[in-house]
Amino acid sequence: MFELFNVGLEMQKRMIDIQMQGVEVAQQMVDAAQRNVDVGLAAHDAGEAGMKAMKGWMRLWGMCD
């Protein structure tokens with residue numbers, strides 16, 4: 001009887017461990033997605049700065065009003 005109980009507890013422990021691993025993987029995926037968003041926003045900002053610089057250069061040389 002106790003052996004069967006111990007087997008049941010061990011199975012529950014393993015299931016909890018597997019679920020916790022799933023939670024950790026999900027957290028890593030969320031972190032990676034957030035980093036991708038941050039990188040995308042930084043790239044967008046850099047692109048905007050580049051466009052402003054290009055327009056300023058063109059205005060300086062009279063290529064654009």
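Residues numbered from 1 in each chain as written. Predicted model: local features only at pLDDT ≥ 70, side-chain atom pairs only at ≥ 80, totals over all residues. Heavy atoms only, no water.

A. Expanded view of the overall build of the chain. Regarding its fold elements, the chain presents one helix and zero strands. Since a compact globule built from 65 residues should have a radius of gyration of about 11 Å, the 28 Å found for the chain marks it as more spread out than a globular shape. For the chain, the accessible area works out to roughly 6,200 Å², and carbon and sulfur atoms hold 67% of it. Side chains of the chain give 6 positive and 9 negative charges; the mean places of these two sets differ by 9 Å. (Helix = DSSP H or I, 4+ residues; strand = E, 2+ residues; numbered from the N terminus. Rg over C-alpha atoms; globule rule 2.2 N^0.38 Å. Areas by Shrake-Rupley, 256 points an atom, 1.4 Å probe, with all protein chains shown as cover. Lys, Arg positive; Asp, Glu negative; His and termini not counted. Charge placed at Lys NZ, Arg CZ, Asp CG, Glu CD.)

B. Spotlight on a nonpolar patch on the surface. Taken together, the side chains of Met 54, Trp 57, Leu 60, Trp 61 and Met 63 define a hydrophobic patch exposed on the protein surface, amounting to about 640 Å² of accessible area. Assignment of secondary structure puts Leu 60 in helix α1 (residues 2-60). (Patch = residues over 30% accessible without salt bridge, like charges linked within 9 Å, V, L, I, M, F, W, Y side chains within 5 Å. Salt bridge = Lys/Arg side-chain N within 4 Å of Asp/Glu carboxyl O.)

C. Just α1, in detail. Its 59 residues place the ends of α1 86 Å apart at the C-alpha level, agreeing with the 87 Å of an ideal helix rising 1.5 Å per residue. Following α1 by one or two positions, Gly 62 has its phi on the positive side, about 70°. (Expected span 1.5 Å × (residues − 1).)

D. Spotlight on the pattern of salt bridges. Applying the stated criterion to the full structure yields two salt bridges. Salt-bridge contacts for Glu 10 lead to Arg 14; the nearest nitrogen and oxygen are separated by 3.3 Å. Of the two residues, Glu 10 and Arg 14 are both situated in helix α1; the distance of four residues between them amounts to about one turn of the helix. Glu 10 sits in the partly exposed class, given a relative accessible area of 35%. Residue classification places Arg 14 among the exposed residues on the basis of a relative accessible area of 53%. (Buried < 20%, exposed > 50% of the residue type's maximum accessible area, 1.4 Å probe, protein only.)

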